[in-house]
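So you can see what is in the structure, the chains are spelled out below.
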Amino acid sequence: MSKRIWWTLLLLGVLIFLYRVRTVLTPFLFAILIAYILHPLITAVEERGAPRVVAILVVYAFFAAVFGVLLWVTLPNLLKELEELGRKLPRQAVHLEELGQDAVGFLRRIELPATLEEALDTLLARVQLALERLAGKLMQVLVDVFANIISLLISPVLAFYFLRDHQAMRERALRYVPAQYRGDAQNILREVNTALNGFFRGQLWICLFVGLFIYGGLALLKIPYALFIGFVAGLFDIIPYFGPVLGFLPAAALALSKSPLTVLWVLLLFVAANQIENSLISPWLIGDRVGLHPLAVIFAVLVGGYLLGILGLLVAVPAAAAVRVVADYLLLRRPQPQ
């Protein structure tokens, strides 16, 4: 059996193994994200003469202080909103159900031909079933998100080792690559690193903008739980195309308790945030570093969600970007031997 077949089987075996232990990978993926974000700052401190470990600890201390202040300012209000939301959520669900029943009763009072009335009954039943499923999936996504947040507790420790030893880890990994392919592997790693560097840091700023924009707009509209909804909207915005929809649904449900017109204002707020992100901020911060067509992004997100759940939604675009870089290099730009 040729070496190429052995390498293919080995790659397939590694992918199957990673899929089977996907739950364990969550803190490591968060650690890689933290390492990508902090690496430029640590390098800047290191260039001023500080040893690598000291530079890492200085940057960690700075961000610990920043997050400590943010938590001290926002956490009490956020916990208060969550407590109130937990108390009012059952009443809000009953209210929405009553509105739906009123709408159904109004439609049933209209004199319609038997065929249209039967079609309307079927349509309403399907809409109700779809809404129930959507609500269940949304709650599951929220539960998964907050469950994965627990992984952040150990991710900084793992990120410390990635930041401290990444060069040695890279050199050791390249030793297992045959000498004739080592140059190609280094070029691919360099290009993947460039693409992911810009994507991770740019996406972090975009999520921060969306969360603050939604929070500010909802606060002006006097929508309850604006801080919680802004936090959720910013968190979900990392998921391309589907994230804004997931963030809008809880905001719309809470706005409906105030008035149907408020839902329209909330929709306009989310549309404005999405348009500003897509037309101004995203091209400026991320540009074309990912290099994926929107159809490819949507396909990657759907596949990632199907295979890995919420974790797959988060890593789908970076993984697809890495695959694109590898395919682009190997199939289109790899130097041919003379």
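See the structure printed just above.
Chemist: I would appreciate a short explanation of the overall build of the chain in the present structure.
Modeler: Check the secondary structure of the chain and you find 11 helices and 0 strands. In the chain, buried positions account for 29% of the 338 residues. Considering only residue pairs separated by 6 or more positions, the chain has 71% of its internal contacts joining residues 24 or more positions apart. Accessible surface, the chain: about 21900 Å² in total, of which carbon and sulfur atoms supply 71%.

Chemist: Could you clarify how one ought to interpret the environment of glycine 247 in this entry?
Modeler: Residue position: glycine 247 is located in helix H8 (residues 243-256). C-alpha of glycine 247 to C-alpha of phenylalanine 270: the two residues are 23 residues apart in sequence and 8.6 Å apart in space.

Chemist: Honestly, the side chain of arginine 52 in this entry has me stumped. Any pointers?
Modeler: Here arginine 52 lies in helix H3 (residues 52-109). The residues touching arginine 52, leaving out its near neighbours within four places in the chain, are His39, Ile42, Thr43, Glu46, Leu163, Arg164 and His166.

Chemist: Would you mind showing me how to read the packing of helix H6 (residues 179-220) against helix H7 (residues 226-236) here?
Modeler: Any two packed helices are characterised by how steeply their axes cross, that is the angle between the axes, and by the distance between the axes. Orientation of H6 relative to H7, taken along the N-to-C sense of each, is 155°, at an axis distance of 7 Å. It follows from the interaxial angle that H6 and H7 lie roughly antiparallel. Here H6 and H7 pass one another in a crossing that is right-handed. The segment H6 lies against H7, with Cys207, Val210, Gly211, Ile214, Tyr215, Leu218 and Ala219 engaging Ala226, Leu227, Ile229, Gly230, Ala233 and Gly234.

Chemist: Hey, could you run me through the pattern of salt bridges in this one?
Modeler: Pairing is possible between side chains that carry opposite charge, provided their charged atoms lie close to one another. Evaluated as defined, the whole model comprises 3 salt bridges. Between aspartate 165 and arginine 164 there is a salt bridge, and its shortest N-O distance comes to 3.0 Å. Owing to a relative accessible area of 24%, aspartate 165 belongs among the partly exposed residues under this scheme. Judged by its relative accessible area of 37%, arginine 164 is partly exposed. Here arginine 324 and aspartate 328 are joined by a salt bridge, their closest N and O atoms 4.0 Å apart. In this pair, arginine 324 and aspartate 328 are both assigned in helix H11 (residues 310-333), 4 residues apart and thus about one turn of the helix distant.

Chemist: How should empty space enclosed by the protein be read in this particular structure?
Modeler: Gaps left between atoms show up when a probe the size of a water molecule is rolled over them. Evaluated as defined, the whole model comprises 2 cavities of 30 Å³ or more. Taken as a whole, the largest cavity encloses approximately 70 Å³ of empty space. Along its surface, the largest cavity is lined by Val210, Ile214, Ala233, Asp237, Gly243, Pro244, Gly247, Phe270, Ala273, Asn274 and Glu277. Sorting the residues of the lining of the largest cavity by element identifies H6, H8 and helix H9 (260-285) as the ones contributing at least two each. Residue contributions to the lining of the largest cavity peak at 4 residues, all from H9. Residues belonging to the lining of the largest cavity are distributed by class as follows: 6 nonpolar, 3 polar and 2 charged.

Chemist: What's the story with the packing of aromatic side chains in this structure? I'm lost.
Modeler: Remark: the centre distance and the inter-plane angle together describe each pair of aromatic rings, the angle taken between the planes. Considering all chains together, one arrives at 7 aromatic pairs under this definition. Taken together, a centroid distance of 5.5 Å and an interplanar angle of 40° make the contact between phenylalanine 209 and phenylalanine 213 tilted. Placement of both phenylalanine 209 and phenylalanine 213 in helix H6 is noted, with a separation of 4 residues, approximately one turn of the helix. Judged by relative accessible area, which is 23%, phenylalanine 209 ranks as partly exposed. Judged by its relative accessible area of 26%, phenylalanine 213 is partly exposed. In this structure an aromatic cluster arises from ring pairing among Tyr36, Phe199 and Phe200.

Chemist: I tried to follow the nonpolar core on my own but got confused; where do I start?
Modeler: Within soluble globular proteins, side chains that are nonpolar generally end up buried alongside one another. Core analysis: the largest hydrophobic core is formed by 46 residues, its most contacted members being Ile214, Leu218, Ile229, Ile239, Val266, Phe270 and Val301. Secondary-structure elements contributing two or more residues to this core are H6, H7, H8, H9, helix H10 (294-308) and H11. By residue number, the principal contributor to this core is H6, which donates 10 residues. Dropping the residues within four chain positions of it, isoleucine 239 is found in contact with Pro244, Leu246, Val301, Ile310, Leu313 and Leu314. If you look at the next biggest cluster of nonpolar residues, it comprises 10 residues, including Ala35, Ile37, Leu38 and Ala55.

Chemist: What am I meant to see in H10 here?
Modeler: Residues spaced three or four apart along an α-helix point in a common direction, a consequence of the helix completing one turn every 3.6 residues. Given a rise of 1.5 Å per residue, 15 residues ought to cover 21 Å, and the 21 Å separating the end C-alpha atoms of H10 matches this to within 8%. Residues of H10 that are buried: Val297, Ala300, Val301 and Gly304. Each buried residue of H10 lies within a common arc of 100° when the element is viewed along its axis, so the set occupies one face. Seen from the buried face of H10, the exposed residues on the opposite side, beyond 90 degrees, are Leu295, Phe299, Leu302 and Tyr306. Downstream of H10 by a residue or two, glycine 309 has a phi angle that is positive, lying close to 70°.

Chemist: Sorry, what's going on with helix H5 (residues 155-175) here?
Modeler: The largest bend in H5 amounts to roughly 70° and is located at aspartate 165. Among all positions of H5, only Ser155, Ala159, Phe160, Leu163 and Leu174 are buried.

Chemist: Would you explain the packing of helix H2 (residues 22-47) against H6 in this entry?
Modeler: Direction vectors running N to C along H2 and H6 enclose 90°, while the axes themselves pass 9 Å from each other. Put simply, H2 runs roughly perpendicular to H6. Of H6, the residues touching H2 (which contributes Leu33, Tyr36, Ile37 and Pro40) are Asn193, Leu196, Asn197, Phe200, Arg201 and Leu204. Looking at side-chain class alone, the contact of H2 with H6 contains 7 nonpolar, 2 polar and 1 charged residues.

Definitions and limits used
Residues numbered from 1 in each chain as written. Predicted model: local features only at pLDDT ≥ 70, side-chain atom pairs only at ≥ 80, totals over all residues. Heavy atoms only, no water. Helix = DSSP H or I, 4+ residues; strand = E, 2+ residues; numbered from the N terminus. Buried < 20%, exposed > 50% of the residue type's maximum accessible area, 1.4 Å probe, protein only. Contact = heavy atoms within 4.5 Å. Areas by Shrake-Rupley, 256 points an atom, 1.4 Å probe, with all protein chains shown as cover. Axes fitted to C-alpha atoms, helices over the stretch in contact; angles between N-to-C directions. Parallel < 35°, antiparallel > 145°, perpendicular 65-115°, else oblique. Left-handed = near helix turned anticlockwise from the far one by under 90°. Salt bridge = Lys/Arg side-chain N within 4 Å of Asp/Glu carboxyl O. 1 Å grid on protein atoms, 1.4 Å probe; cavity = no way out; pocket = protein on both sides within 12 Å on 5 of 7 lines; lining within 4 Å. Points joined across faces, edges and corners; volume = space filled by probe spheres on them. Nonpolar A, V, L, I, M, F, W, Y, C, P; charged D, E, K, R; others polar. Phe/Tyr/Trp six-rings, centres within 6.5 Å; stacked < 30°, edge-to-face > 60°. Core = buried A, V, L, I, M, F, W, Y, C linked by side-chain atoms within 4.5 Å. Expected span 1.5 Å × (residues − 1). Arc of directions from axis to C-beta. Bend = angle between axes of the 7 residues up to and from the residue.

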